[in-house]
Amino acid sequence: MTGTLYGVFTVADVQVALPLSELREVIPCPAAFDPLLAVAPGLVGAVNLRHQVIPVLDLRLLLDRRDAADAEVVVVVTYDGSVFGLLAHAVRGVVFIEDDAHLEISVNTDLPLFSRTFERPDDSAVVSVLDCAAVKHTPGMVLAEDTGGPSGAVAQAQAADAGTSAGTSAGGRRMMMLLRCGGIGLAVDVSHIHSVVPELILKSSPLDGPTIHGVVVLGDRFVPTVDTLAVLGLGALSPVDVKRGVSLSYERGLLAFAVTEVVSIVAVPDADVLPMPEFGLPSSGHAVGILPGQAGGSYLVLDGAALRADEGLGTIAALGTPVGGAPPVTRVAARSDASDPRFDGRAIETSVRKFLTYDAGVDVATPLTQITEIVPFPADVIPLMDGGPLRGVFTHQRASVPLICLTGLLGRHAEIDEATARVLLIEVRGTRVGFIVPQLRAIEESVWEERRADADPDAPVSLAGSPLVKIGGRMLPRIDLEQVVRTMVTDHERSDPAGDRRAFADA
C-alpha cells in the first residue's frame, strides 16, 4: 500500500491539504503583518519567524471569499527551495491517503490552485490538494529562500511511502504539535490530532464539573470538552487560560481538550525527547518524555495513542450529541458476532416514564419508581466523619438507615445545606439506604433513554458511565440508585461472607 500523509487545514470553509513534505509548521496568526515593498495577488505582508522573513498569502482574497471565517493560524509551506505562509482558519489534523484514492480535477481558470481532491476517510469531507507549484508561479508572487533546512515532514511522508503508519516516526524524526496550558507546555504527535478549535466557545452541559468544562460545537455535534491539566493530573486550567481546543477522535465520538494556545507544529528528532524523571511529576500514564529547547521552553510529551485508548475519556467522548435538538433515531444495536468491533452496546429507545430530577453536583435523573420516600435531612444523625461518602446513620420508621452523600459518591463537590437538602430513601431486598442530595428539581417525563447492553452491573456508579435520558430539552445522566444499593450489599457480603444484610443496614 502506497500513499501520502497530508496535513489538512481550512481556508474559507474549504478543507485544504498539503503533503507533509511541503508543510513545515503552523504558527499562530500575528496581530499584524510586516509590510513588504511588493504587490501580488493575495499578499498580506510578512511574518518574522526565528529571524527568517516569510511572505504570507491570504487565499481568501484569491477566491474572492473575504466574508469567510477569520484566519487564526499561518501554515508555513516549503516547496522547491522556497518558503511562504498561508493564512488558515484552523488545523484539521493529519490523514493518510492511498494513491488510488485521489481524484484528478480540471480547473478552467488563470490561477488553478488545485488539481486533485480526495475524500477524507474519517468524516467523508471533500479535501482539495493545494498545488504549490501554481502558487509559486503566480505573477508577482513574493518568495523567500528556504533556509530552514530539511523539514521533519519529509521523513513522515517517506514513512508513509514505505508503508508505515501515520503515527510512527521515520528517520528518527516526527511531527509534533506544541500546546500551552497556562504555564505548562505539552507536545503530541500530529497524527493523533483530529482538529484544532481556534476559539473555544463553551456551552454548559449536565456533566460540567472539575474535569468537564462543557461542550463545544464541532461540525454538527456538541462535543464534550475536558480540562487537559485535570486529565493529566497536573492541576486545572484557570478560566482565563481556557481559550482554544484540540480534539481527538475516539471509537464512539470526538473529545475536545481545552488548552491556552496552539504554539506550532515542529519536526522533532527522537533523540531530542528526554525520558521522564523517576519522580516529581504526577504519573497519569499519558506523559512519556520531556522535549526541551523549543519556543517557549520545555514541553511535556504526551502519548497520543494512550490518550485515545483511555476508556474513561472514550466514555466521555461517547456523550456527544447532535446540534439543533433533532429527534434521535431509535437504534437497536444488532450483532451476529459478539466480537464484532462495530457493535458498541448502545441504543436509543423511546421512553415515557416518570423521573425525579435533582441536583447531585450536576442535574441528574432517577426513575421515580426506585424512590421509596423523600424526607428532609434528619435532625438526629450518628455521624461518621471519615471524609468518605458515608456520613452516618439515622433512624426512620424503626429502622436504622445508612446516610450517604450522593455528590461525594459521584466524585462531585457540593455544599450541603441541611435546611434545603433532601434524603432519597431507596429500598432493595430489605435493605434501606438514604442518599443526601443538595436540592430537588421536579418530577418529569422522559422522551427517550439510552440503553447499554455492555454495561457492567458491578461497575461503581459514575456520571461518565451512566446512560443518558432525555427529559424535555435536556439530556441528563440516569442514576440507577437501586443498582448502587445492590452493589453496596454485594460488596459488603463479599467482605463479610459470614454476615447478613441486616448487618449492612445497621452499619
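Residues numbered from 1 in each chain as written. Predicted model: local features only at pLDDT ≥ 70, side-chain atom pairs only at ≥ 80, totals over all residues. Heavy atoms only, no water.

Let's shift gears to the overall build of the protein chain. The helix and strand inventory of the protein chain stands at nine helices and 36 strands. By the burial criterion, 47% of the 507 residues in the protein chain qualify as buried. In the protein chain, the proportion of contacts linking residues at least 24 apart, taken out of those at least 6 apart, comes to 61%. Of the roughly 23,700 Å² of accessible surface on the protein chain, a fraction of 53% belongs to carbon and sulfur atoms. (Helix = DSSP H or I, 4+ residues; strand = E, 2+ residues; numbered from the N terminus. Buried < 20%, exposed > 50% of the residue type's maximum accessible area, 1.4 Å probe, protein only. Contact = heavy atoms within 4.5 Å. Areas by Shrake-Rupley, 256 points an atom, 1.4 Å probe, with all protein chains shown as cover.)

Pairing in this open sheet of three strands is antiparallel, and the strands run 26-25-33 from one edge to the other. Taken across any chain shown, the strands that pair with only one partner, and hence form the sheet edges, are strand 26 (363-367) and strand 33 (439-445). The sheet shows a mean angle of 30° between the axes of neighbouring strands, direction not considered. The pairing of strand 25 (residues 354-359) with strand 26 spans five bridges and is antiparallel. For phenylalanine 355, the partnering residue across the bridge sits in strand 26 and is proline 367. (Pairing = 2+ DSSP bridges. Axes fitted to C-alpha atoms, helices over the stretch in contact; angles between N-to-C directions.)

This part is about the sheet that holds strand 11 (residues 126-130). Sheets are built from strands that pair by backbone hydrogen bonding, the pairs being arranged parallel or antiparallel. Judged by pairing direction, the sheet is mixed, and its six strands sit side by side in the order 8-1-2-11-10-9 without closing on themselves. Where the open sheet ends on each side, the last strands, each with one partner, are strand 8 (90-98) and strand 9 (103-104). Judged from the two bridges that link them, strand 9 and strand 10 (residues 114-119) form a sheet pairing that is antiparallel. Each residue of the ladder has a partner; that of leucine 103, found in strand 10, is threonine 117.

Aromatic ring pairs are described here by two measures, namely the spacing of the ring centres and the angle between the planes. With the rule as written, the count across this model stands at one aromatic pair. Ring geometry for tyrosine 6 against phenylalanine 118: centres 5.1 Å apart, planes inclined by 35°, an arrangement best described as tilted. Residue tyrosine 6 is located in strand 1 (residues 3-11), and its partner phenylalanine 118 is located in strand 10; the two are separated by 112 residues in the primary sequence. The pair tyrosine 6 / phenylalanine 118 is uniform in exposure class, with both members buried. (Phe/Tyr/Trp six-rings, centres within 6.5 Å; stacked < 30°, edge-to-face > 60°.)

Turning next to the pattern of salt bridges. Scanning the entire structure with this criterion turns up nine salt bridges. Salt-bridge contacts for arginine 244 lead to glutamate 261; the nearest nitrogen and oxygen are separated by 2.8 Å. Residue arginine 244 is located in strand 18 (residues 244-250), and its partner glutamate 261 is located in strand 20 (residues 261-269); the two are separated by 17 residues in the primary sequence. Arginine 244 sits in the partly exposed class, given a relative accessible area of 22%. Given the relative accessible area of 24%, glutamate 261 is considered partly exposed. A salt bridge links aspartate 363 to arginine 441; the shortest N-O distance between them is 3.0 Å. Taken together, the residues span a long stretch of sequence, with aspartate 363 in strand 26 and arginine 441 in strand 33 at a distance of 78 residues. Salt bridges sharing partners connect three or more residues here, namely Arg353, Glu449 and Arg478. (Salt bridge = Lys/Arg side-chain N within 4 Å of Asp/Glu carboxyl O.)

This part takes up the nonpolar core. Ranked by size, the top nonpolar core spans 90 residues in total, and within it Met177, Phe257, Tyr358, Phe435 and Leu481 carry the most contacts. Val47, Val56, Val74 and Ala144 belong to the second largest nonpolar core, which has eleven residues in total. (Core = buried A, V, L, I, M, F, W, Y, C linked by side-chain atoms within 4.5 Å.)

Here we take up the pairing of strand 22 (residues 297-302). The pairing of strand 14 (residues 184-189) with strand 22 spans two bridges and is classified as parallel. Each bridged residue has a counterpart across the sheet, and for alanine 187 the counterpart in strand 22 is valine 301. Sheet analysis places strand 21 (residues 287-294) next to strand 22, joined by five bridges and oriented antiparallel. Counted as the bridge partner of leucine 291 is tyrosine 299 from strand 22.

If you trace the backbone, leucine 307 turns up in helix 5 (residues 304-309). The class for leucine 307 is buried, based on a relative accessible area of 5%. Separated by 59 residues in the primary sequence, leucine 307 and leucine 248 place their C-alpha atoms 8.6 Å from one another. Among residues more than four places away in sequence, those in contact with leucine 307 are Val231, Leu248, Tyr250, Phe257, His286, Leu302 and Leu313.

A separate point is unusual backbone geometry. The phi dihedral of aspartate 13 is positive, around 65°, even though this residue is not glycine. Tracing the backbone shows aspartate 13 in the loop between strand 1 and strand 2 (14-19). For aspartate 13, a relative accessible area of 61% gives the class exposed.

This brings us to the environment of isoleucine 201. Secondary-structure assignment places isoleucine 201 in the loop between strand 15 (195-197) and strand 16 (212-218). The spacing of isoleucine 201 and valine 216 is 15 residues in sequence and 6.1 Å in space, taken between C-alpha atoms. Beyond its immediate chain neighbours, meaning those up to four positions away, isoleucine 201 contacts Val215 and Val216.

Turning our eyes to something else, we now look at the pairing of strand 25. Strand 25 sits mainly inside the fold: five of its six residues count as buried. Both strand 25 and strand 33 contribute to a ladder of six bridges, which runs antiparallel. Bridging across to strand 33, lysine 354 finds its partner in glutamate 445. Here strand 25 folds back onto strand 26, and the loop between the two strands holds three residues, one of which, glycine 361, carries a positive phi near 95°.

Turning our eyes to something else, we now look at the side chain of threonine 78. One can find threonine 78 in strand 6 (residues 73-79). Look past the residues within four positions of threonine 78 in its chain and what remains in contact with it is Ser21, Glu22, Arg24, Val83 and Asp146.

So, about the confidence of the model for the protein chain. In the predicted model, the protein chain carries a mean pLDDT of 78, and the fraction of residues at 70 or more is 81%. Ranking the elements of the protein chain by mean pLDDT puts helix 3 (residues 152-161) last, at 37, and strand 32 (residues 431-437) first, at 92. Long-range and interchain partners of residues 149-171, a stretch whose pLDDT sits below 50, account for 39 contacts in this model, where long-range means more than four residues apart. The model gives residues 499-507 a pLDDT under 50, and that stretch makes 18 contacts with residues more than four places away or in other chains. (pLDDT = per-residue confidence, 0-100.)

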